[in-house]
Amino acid sequence: MNRILNEVSHRPWPLPHGPWVMAQQWHDLLFAHWRIPQEVLQRFLPGGLELDLYHGEAWLAVVPFRMAGVRFRGLPAIPGTSSFPELNVRTYVRHRGKPGVWFFSLDASNPIAVMAARAWFHLPYFHARMNCNENANSIEYASTRIHRGAMPAEFRARYAPVGPVFQSRPGTLEHFLTERYCLFAPNNRDQILCGEIHHPPWPLQLAQAQFAENSMATQIGITLGDPDLLHFAKRQDVVVWPAKPE
């Protein structure tokens, strides 16, 4: 863990004060991105948040991956609860000028993780039936939301990297979309919480994907066609700090 905490020159601001509380590994991750009219997304954001635009354009992402090594600081990973697929739908925002990520939903196959994340991080997590498997150098991913009372959402895709690993350059679209070091979430007092994270620069690859089903954005009234941009990352090591009011 000290290795990634000592790698900070790429960060847009210093590491947070205080100890991190959770470590995670993200594996076989796909960044699937769509350009979305900004007026469509802005109406789903709470007051105090504005869309972060790249050359005047807003972006929505669907991000499937596999969690591993999930553990709290000072504790070992708990067998049966530390590895599971996760799938999020997100956009890019600013709060008081600070760039970050806003999640419309996060689906996970681990019900304990879903309950904990909803309670501790105030994030819109949902329980889903999910599979993430590597087959013939590609990833086969399937998710069906089964959370009681939640809107249905389903995702089925096959994806794979198609180019060499690279790190995005500041100022590029890839850098804007991936190098994000905090998330924003609401609490029950109409406040915006900020959850800081840290990881090394993303080891990106261009990707290809075939989508058999993707209704992940229908919860906000958006039907997604073919994505505008696809990137793959084999692994990312992450540490997380507690969410606090901004």
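Owing to the predicted nature of the structure, the values given are computational and were not obtained by experimental measurement. Going along each chain's sequence as written, the residues are numbered from 1 onward. Selection of residues for local features in this predicted model requires a pLDDT of at least 70, selection of side-chain atom pairs for listing and counting requires 80 or more, and totals for whole chains, interfaces and linings are taken over all residues. For side-chain calculations, the full set of non-hydrogen atoms in the structure is used, while hydrogens and water are omitted.

Asker: Help me out: how do you make sense of the overall build of the protein in this one?
Answerer: Secondary structure assignment for the protein yields four helices and 13 strands. The globule rule is 2.2 Å times the number of residues to the power 0.38, and the radius of gyration it is compared with is taken over C-alpha atoms. Relative to the globule expectation of 18 Å for 246 residues, the C-alpha radius of gyration of the protein, 17 Å, shows essentially globular dimensions. Seen through its principal axes, the protein has C-alpha atoms that stretch 45 × 45 × 40 Å. Under the scheme applied here, a residue whose accessible area is under 20% of the maximum for its type counts as buried, over 50% as exposed, and between as partly exposed, the area being computed with a 1.4 Å probe on protein chains only. Per-residue burial over the protein gives 52% buried out of 246 residues. The long-range fraction of contacts in the protein, counting pairs at least 24 apart against all pairs at least 6 apart in sequence, stands at 69%. A run of DSSP states H or I qualifies as a helix once it reaches four residues; a run of E qualifies as a strand once it reaches two. Both are numbered from the N-terminal end. Whether two residues are in contact is decided by their heavy atoms: any pair within 4.5 Å suffices.

Asker: What should I look at first to understand the pairing of strand β5 (residues 98-108) in this one?
Answerer: The two faces of the sheet receive side chains in turn, since in a regular strand these alternate between them. Within β5, 10 of the 11 residues are buried, leaving the element largely enclosed by the surrounding structure. With 10 bridges connecting them, strand β4 (residues 84-95) and β5 associate as antiparallel partners. Counterpart to R90 in the pairing with β5 is F103. Linkage of β4 to β5, two consecutive antiparallel strands, is achieved through a turn of two residues, within which R96 is found at a positive phi near 55°. The pairing of β5 with strand β6 (residues 125-135) spans three bridges and is parallel. Counted as the bridge partner of D107 is F126 from β6. Note on pairing: two strands pair once DSSP finds at least 2 bridges between them.

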